[in-house]
Amino acid sequence: AQSVTQPDIHITVSEGASLELRCNYSYGATPYLFWYVQSPGQGLQLLLKYFSGDTLVQGIKGFEAEFKRSQSSFNLRKPSVHWSDAAEYFCAVQGAQKLVFGQGTRLTINP
Amino acid sequence: DTAVSQTPKYLVTQMGNDKSIKCEQNLGHDTMYWYKQDSKKFLKIMFSYNNKELIINETVPNRFSPKSPDKAHLNLHINSLELGDSAVYFCASSQAGRAYEQYFGPGTRLTVT
């Protein structure tokens, strides 16, 4: 069965610093992978997705993610975070007609 | 215009009561979903409907009964509410066969006392 692991429950970075959120997946075939963001009190918004092709995908709000098959990873990165990036981030893999989510990583931004 | 809307946004009720959460999407999608997000933020699918037909039921207690009067609506009715039902419930929708591109509603925070 498909599964997603986000090893970091909570990460704190300073505003302007770079960010990397980790995601590892388990899937038998070529996965479809996603990153979603949930701002406080809000629903989930799709940041970016990977289906095939170029392993570095660009998303909204300046985020990017890199698919590494050899490491079963799909880490999310941003070169310089803004205070508005504080939120919960979810990695997901597509299963059979559904999305399977990781546990989420809460991102706190220090001024 | 709101793409996926849910009502109510907050719901506080006592154990044993029956309550419903409504979801509507105006995206013209054929498939709708209900997710439960627990206190640890873990998000898990509960149900999925395609054109008013149930296609996913993830071992949810039968106190939970989804109802889809048409493909733009998927309501969630919960009988005999328990403390453990307290969570945030998210509705989502997608085009048929495109579960990878889901649009989420703002969530309904259910608190059972």
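Residues numbered from 1 in each chain as written. Chains lettered and ligands numbered in written order. Predicted model: local features only at pLDDT ≥ 70, side-chain atom pairs only at ≥ 80, totals over all residues. Heavy atoms only, no water.

Enquirer: Hey, could you go over the packing of aromatic side chains for me, with residue numbers and the actual values?
Expert: Going through the model one piece at a time under the given rule, you end up with 14 aromatic pairs over all chains. Here A:Tyr36 and A:Phe101 contribute two aromatic rings whose centre-to-centre distance is 5.7 Å and whose plane-to-plane angle is 55 degrees, an arrangement assigned as tilted. Residue A:Tyr36 is found in strand 5 (residues 33-38), and its partner A:Phe101 is found in strand 11 (residues 99-101); the two are separated by 65 residues along the sequence. Note on A:Tyr36: relative accessible area 0%, which makes it buried. Through a chain of ring-to-ring contacts, the aromatic side chains of A:Tyr36, A:Phe90, A:Phe101, B:Tyr33, B:Tyr35 and B:Phe104 assemble into a single cluster. (Phe/Tyr/Trp six-rings, centres within 6.5 Å; stacked < 30°, edge-to-face > 60°. Helix = DSSP H or I, 4+ residues; strand = E, 2+ residues; numbered from the N terminus. Buried < 20%, exposed > 50% of the residue type's maximum accessible area, 1.4 Å probe, protein only.)

Enquirer: Please set out the interface of chain A and chain B residue by residue, giving values where relevant.
Expert: Across the contact, 20 residues belong to chain A and 20 residues belong to chain B. Contact with chain B buries area across many residues of chain A, yet A:Gln97, A:Lys98 and A:Phe101 alone supply 30% of it, more than any other trio. For the salt bridge of B:Glu101 with A:Lys49, the shortest nitrogen-to-oxygen distance reads 3.7 Å. Applying the counting rule to chain A against chain B returns 2 residue pairs in polar contact (both at pLDDT 80 or more). Within the residue set of the side of chain A that touches chain B, elements represented by two or more residues are strand 5, strand 6 (44-50), strand 10 (87-94) and strand 11 of chain A. (Contact = heavy atoms within 4.5 Å. Buried area = accessible area lost by both parts, 1.4 Å probe. Salt bridge = Lys/Arg side-chain N within 4 Å of Asp/Glu carboxyl O. Polar contact = N/O pair within 3.5 Å; in protein donor to acceptor, adjacent residues only side chain to side chain.)

Enquirer: Can you tell me about the nonpolar core, naming the residues and giving the values?
Expert: Note that soluble globular proteins tend to have their nonpolar side chains buried in a common cluster. Residues and elements named next belong to chain A. Residues Leu19, Trp35, Leu47, Leu48, Phe74, Leu76 and Tyr89 are the most contacted members of the largest nonpolar core, which totals 27 residues. The dominant element in this core, judged by the number of residues it contributes, is strand 10, at 4 residues. Ignoring any residue separated from it by four or fewer positions in sequence, one finds leucine 47 in contact with Trp35, Tyr36, Val37, Gly59, Ile60, Lys61, Phe63, Leu76 and Tyr89. (Core = buried A, V, L, I, M, F, W, Y, C linked by side-chain atoms within 4.5 Å.)

Enquirer: I'd like a rundown of the side chain of B:Thr13, residues and numbers included.
Expert: Within the fold, B:Thr13 resides in strand 2 (residues 10-13). Only 2.9 Å separates the side chain of B:Thr13 from the side chain of B:Asn17, close enough to count as a polar contact.

Enquirer: Would you mind going over the layout of surface pockets in detail, with residue names and values included?
Expert: Once rolled over the atoms, a probe with the size of a water molecule shows which space is left empty. All names here are of chain B. Considering only enclosed or pocket space, the largest pocket measures out at about 280 Å³ in volume. As for the largest pocket, its lining consists of 18 residues, of which Gln37, Lys41, Ala87, Val88 and Arg109 are closest to the centre. Going through the elements one at a time, strand 9 (87-94) and strand 11 (108-112) are the ones with two or more residues in the lining of the largest pocket. Its residues assigned to classes, the lining of the largest pocket comprises 6 nonpolar, 8 polar and 4 charged. (1 Å grid on protein atoms, 1.4 Å probe; cavity = no way out; pocket = protein on both sides within 12 Å on 5 of 7 lines; lining within 4 Å. Points joined across faces, edges and corners; volume = space filled by probe spheres on them. Nonpolar A, V, L, I, M, F, W, Y, C, P; charged D, E, K, R; others polar.)

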